[in-house]
Amino acid sequence: MPLDRILNAQSVAVVGASKVETKRGFQTIRTLIEEKYAGKIYPVNPKEKSILGLKCYGSVAEIDGPVDLALVATPAATVPAVLEECGKKGVAGAVILAGGFGETGVLDTARKHGVRLIGPNTSGMINLKDNLNLVGLRHAPKGDIALLSQSGNMALTLITEASVKSMKGFSYYVGVGNEADIKFHEYLEFF
């Protein structure tokens, strides 16, 4: 499937990695470590040497291994340059958290460099079978339901309620965001 390398990523670059505990770039790395994600985690921040015991890279281009997916937790103005680096590195997809900018330019950059986009303006994605959690929601119940939602708050409410009521669990969650690139039907075909 075209989305396999993205939704079943075996390596993730966290662009905008941070030592500040309240930042998404810290929380994502901590969650991946705590939930025992078996893939490679590559923090990217040119100002840091390491974050949570993991070597930090100055850019995506400097990563010394293959990268399937990038979580981009940087301001909107930086996203096109990050996507260009991702394309040159051979990254299959990027989760773009930022919103509120002209997505046409971002989409053009992504397409030019062969990078598929989740979002922009997304809460992220989770693959519970592989413990690939790019949302930060903890203790989500595992099961067979794949959940797609434009509203991150609605999805998180459903997952939390399922957890509290010991209902069936989830295999995947994708916050589709603004669907600048990957569309709802493509996720459905994958699931």
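A. Representation of the environment of Val-135 within the structure. If you trace the backbone, Val-135 turns up in the loop between β9 (132-133) and β10 (142-149). Separated by 119 residues in the primary sequence, Val-135 and Gly-16 place their C-alpha atoms 15 Å from one another. The contact partners of Val-135, leaving out residues within four places of it in the chain, are Arg-24, Ser-123, Gly-124, Met-125, Ile-126, Leu-156 and Tyr-173.

B. Representation of the pattern of salt bridges. What the rule picks out here adds up to six salt bridges. Between Lys-88 and Glu-84 there is a salt bridge whose closest N-O contact spans 3.3 Å. Of this pair, Lys-88 and Glu-84 both sit in helix α3 (residues 79-89), four residues apart, roughly one helical turn. Judged by its relative accessible area of 64%, Lys-88 is exposed. Classification of Glu-84 as partly exposed rests on a relative accessible area of 34%.

C. Main features of the sheet that holds strand β1 (residues 11-15). Sheet architecture is open: five strands sit in the order β2-β1-β5-β6-β7, paired in parallel fashion. Looking at which strands have only one partner, the edges of the open sheet turn out to be β2 (40-44) and β7 (116-118). Within this sheet the neighbouring strands show an average axis-to-axis angle of 20°, counted without direction. Sheet topology note: the strand β6 (residues 93-96)/β7 ladder contains three bridges and is parallel. Bridged to Gly-93 within β7 is Arg-116. Helix α2 (residues 24-34) contacts β1, β2 and β5 (69-72) of the sheet and is inclined by roughly 165° relative to β2.

Conventions adopted
Residues numbered from 1 in each chain as written. Predicted model: local features only at pLDDT ≥ 70, side-chain atom pairs only at ≥ 80, totals over all residues. Heavy atoms only, no water. Helix = DSSP H or I, 4+ residues; strand = E, 2+ residues; numbered from the N terminus. Contact = heavy atoms within 4.5 Å. Salt bridge = Lys/Arg side-chain N within 4 Å of Asp/Glu carboxyl O. Buried < 20%, exposed > 50% of the residue type's maximum accessible area, 1.4 Å probe, protein only. Pairing = 2+ DSSP bridges. Axes fitted to C-alpha atoms, helices over the stretch in contact; angles between N-to-C directions.

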